[in-house]
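Each chain, written out:
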Amino acid sequence: MAAWCSGDSSSKPIFVGIYGAVLGGFAVSALFFLLSSFSSLSAPPLPLPTTATTTTTAVTANLSRPTPTQPETMYNRPIWKPPPRGSWMPSPRAFRLTREMVAARARDGAIVVTFGNYAFLDFILTWVRHLTDLGVDNLLVGAMDTKLLRELYLRGVPAFDMGSRMATEDAGWGSPTFHKMGREKVLLINALLPFGYELLMCDTDMVWLKNPLPYLARYPDADLLTSSDQVIPTVTDDSLENWREVSGAFNIGIFHWRPTEPAKRLAKEWKDLVLSDDKLWDQNAFNDLIRKNFGNPVEGQGDLVYSYDGKLKLGVLPASIFCSGHTYFVQGMYKQLHLEPYAVHTTFQYAGTEGKRHRLREAMLFFDQPSYYDSAGGFLSFKPSIPKSLLLDGAHNVESHFALVNYQLKQIRTALAIASLLKRTLVMPPLWCRLDRMWFGHPGVMEGTLTRQPFLCPMDHVFEVHVMLKDLPKEEFGPPIDFREYSFLDNPSLPKEVKESLLEVQLCDDRSSGCSSINETNKHRPLLLPRNSTEEKLLNIFSSYKSVKIIQFSSMVDAFGGFADAAVETKFRNRVKRYVGLWCCVELREIGHIYYDMYWDEKPGWKPHPPETREQDHPPWS
């Protein structure tokens, strides 16, 4: 730069012009970058998830705002109403969280808030959709990255910029990014409470099944109402938990704050605590603070307890209706107590974000895009066959549990093989378990819970859902095998043309005369398929039915005779061996978990025993 400045003075205008051109180029580039995020809204938003449960009343209530005396703005625009096509996206400043933004969306002094990054877009859309179906529109979504902010704005979802500048990828549980998201929640609560509105703060991995605001209004003196990880009911009606009997941790995935001084003090100290230690889990810090001065009942309101500084009035939401992943998906506590659930939070599960998504899909609570309900190759399903003795006979113990699960695994293994050959998406069957799964030793089901035996268990109790969705190298693991949840064919979102394009397949004995006339089967009768059909026969028979959307087998017992190519079979085995996880855990053992084995039946004398040593503690495929 010094050499450049020492040049002849007559050349300075030229270099100044060049320098100006460079600066102008940087300015144009910066403007282009800005417009790539905040540009003309010429592209239409992606299709909005639809649900058969949407009611005219709820939609009408949601679309009734703003009132005629209020001009429509991006703050008060009806939810799901996208901005006009061709309009410009407002500047980043317009998405800052302000008192005015909250006031425009609040109803009766309350606001419902969640937050996340782009990786949770489908969870957020599901969360919003459930609320708007219930007629609740006093909500806001905090966007932790500009990609999510833009997508929500395009879909007509009221959003604000949290300024987090977080990556758009999923943050795994316990990772540094996970802890950062927790701290962002604490900061957000501290930012919202001074605005003076009641705050219902929620994680994105939960859904609302009933409008919670009337329930929360039943306890106007509570500074804070929190959900919990309680798995044993302390009450049998819809009242708050008996805080004297609550042993589970307070869960911060669903909790309601009133803008009182005790609540603000708690929020402030919580913020200071988590900011002082990057490794501190926000939920643990919250529990530590709440328990500091805990145990004095609020006079005249025995369902509330003084906590934190001895002045904060706390209530614990009943886990039977503000459900955890255990009380909803495993116990079905609300059913057994004949109650109506308000919410379900996908806790107590074992396959990360993919497992959470799958659980909501199993319960038909997740809103997917229309493409999810169709498949280029079509679908394959089957009716599982389980002997009564495996379900009900004998004691519920490790041996009977694995006998039941292994019997089902063998059928699923066959179905995966046929689905792979036919290039179809497998609709998983419902899974039955005799024993619950935890991350610690237990006697089969936790004492005091309402878990019935046997019970319909979530798929992630047995299968590694996240591994099944992983992009494994084809050279070693063969082609991917897509799958759907067991309730898929009953989902109201499944198009009629898919549901009605059905071919039933009935297995038969190849030696019988009727089984040989398979090509004469008409569309009004099941197609007859010989048991233990070869790969060649399967491909030959079903080549005529590629246009059929759903092929449904009456059974998978002895449906497939094996692969013709040993290399193809090896890759398939490599893949599906990794699909199953482990059961946990036998009590009073250092190593108490037991691995499931997709090929258990090929090992004479296989028994469900935990590893004896650390060296033996590995999956059967490793």
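From a predicted model like this one, the values you see are computed outputs, not experimental measurements.

Residues of the chain with pLDDT of at least 70 account for 85%, and the chain-wide mean is 88. Note on residues 1-64: pLDDT is under 50 here. Beyond four places in sequence and across chains, it has 71 contacts.

On to the sheet that holds strand E5 (residues 206-208). In spatial order, the strands read E5-E12-E11; together these three strands make up an open sheet with mixed pairing. In this open sheet, the two strands that pair with only one neighbour each are E5 and strand E11 (322-323). Sheet analysis places E11 next to strand E12 (residues 343-345), joined by two bridges and oriented parallel. Bridge pairing in E12 places Phe-322 opposite Ala-343.

The next point concerns the sheet that holds strand E19 (residues 527-530). A sheet is described by the order of its strands in space; here six strands give the open sequence E17-E14-E13-E20-E18-E19, paired in parallel fashion. Of all the strands in the sheet, just strand E17 (483-484) and E19 have a single pairing partner and so form its edges. Both strand E18 (residues 502-508) and E19 contribute to a ladder of four bridges, which runs parallel. From the neighbouring strand, Cys-508 faces E19, where its bridge partner is Pro-530. Against the sheet, helix H15 (residues 398-422) makes contact with strand E13 (379-382), strand E14 (425-427) and strand E20 (550-553), and its axis sits at roughly 155 degrees relative to E13, the strand it touches most. Contacts from helix H19 (residues 535-542) reach E18, E19 and E20 within the one sheet, and its direction differs from that of E19 by about 165 degrees.

This paragraph deals with helix H6 (residues 146-155). The buried count for H6 comes to eight of 10 residues, which makes it a mostly enclosed element. Of all the positions in H6, only Leu-148, Leu-149, Arg-150, Glu-151, Leu-152, Tyr-153, Leu-154 and Arg-155 are classed as buried. Its side-chain oxygen at 3.2 Å from the backbone nitrogen of Lys-147, Asp-145 defines the N-terminal cap of H6. Where H6 terminates, the next one or two residues include Gly-156, which has phi positive at roughly 80 degrees.

All right, on to the state of the cysteines then. Under the definition given, this model contains three disulfides. Between the sulfur atoms of Cys-508 and its disulfide mate Cys-515 the distance is 1.8 Å. Residues Cys-508 and Cys-515 share a disulfide whose torsion about the S-S bond is about 65 degrees; that sign makes it right-handed. The exposure class of Cys-515 is buried, given its relative accessible area of 2%. Shown here for the chain is a disulfide pattern of 1-2, 3-4, 5-6, where each number marks a bonded cysteine counted in sequence order.

The subject of this paragraph is unusual backbone geometry. Residue Pro-454 is reached from Gln-453 by a cis peptide bond, and omega for that bond is -5 degrees. Mapping Pro-454 onto the fold places it in the loop between strand E15 (431-433) and strand E16 (455-457). Here Cys-584 and Cys-585 are connected by a cis peptide whose omega angle stands at 0 degrees. Among the structural elements, Cys-585 can be located in the loop between strand E21 (582-583) and strand E22 (594-595). Positioned with a positive phi, Lys-423 is a non-glycine residue whose angle comes to about 55 degrees. As for its placement among the helices and strands, Lys-423 is situated in the loop between H15 and E14. You can call Lys-423 exposed: its relative accessible area is 68%. Not every positive phi belongs to a glycine, and Asp-558 is a case in point at roughly 60 degrees. Looking at where Asp-558 falls in the secondary structure, it is placed in the loop between E20 and helix H20 (566-577).

This part is about the pattern of salt bridges. With the rule as written, the count across this model stands at 28 salt bridges. Put simply, Lys-549 and Asp-374 hold a salt bridge, and the shortest N to O gap is 3.0 Å. Here Lys-549 is found in the loop between H19 and E20, whereas its partner Asp-374 is found in the loop between helix H13 (352-362) and E13, with 175 residues between them in sequence. On the basis of relative accessibility, which here comes to 23%, the residue Lys-549 falls in the partly exposed class. Among the residues examined, Asp-374 registers a relative accessible area of 33% and is labelled partly exposed. Where salt bridges share partners, they join Glu-72, Arg-77 and Lys-81 into one cluster.

With that settled, consider H13. Where burial is concerned, most of H13 is hidden: nine out of the 11 residues are buried. Where H13 is concerned, the buried positions are Thr-353, Gly-355, Lys-356, Arg-357, His-358, Arg-359, Leu-360, Arg-361 and Glu-362. Each element contacted by the buried residues of H13 is listed here: helix H5 (121-133), E5, helix H11 (325-329), E12, helix H16 (465-468) and E17. Note on H13: the residue one or two positions beyond its end, Met-364, has a positive phi of about 55 degrees.

Calculation criteria
- Residues numbered from 1 in each chain as written.
- Predicted model: local features only at pLDDT ≥ 70, side-chain atom pairs only at ≥ 80, totals over all residues.
- Heavy atoms only, no water.
- pLDDT = per-residue confidence, 0-100.
- Contact = heavy atoms within 4.5 Å.
- Pairing = 2+ DSSP bridges.
- Helix = DSSP H or I, 4+ residues; strand = E, 2+ residues; numbered from the N terminus.
- Axes fitted to C-alpha atoms, helices over the stretch in contact; angles between N-to-C directions.
- Buried < 20%, exposed > 50% of the residue type's maximum accessible area, 1.4 Å probe, protein only.
- Polar contact = N/O pair within 3.5 Å; in protein donor to acceptor, adjacent residues only side chain to side chain.
- Disulfide = S-S within 2.5 Å.
- Salt bridge = Lys/Arg side-chain N within 4 Å of Asp/Glu carboxyl O.

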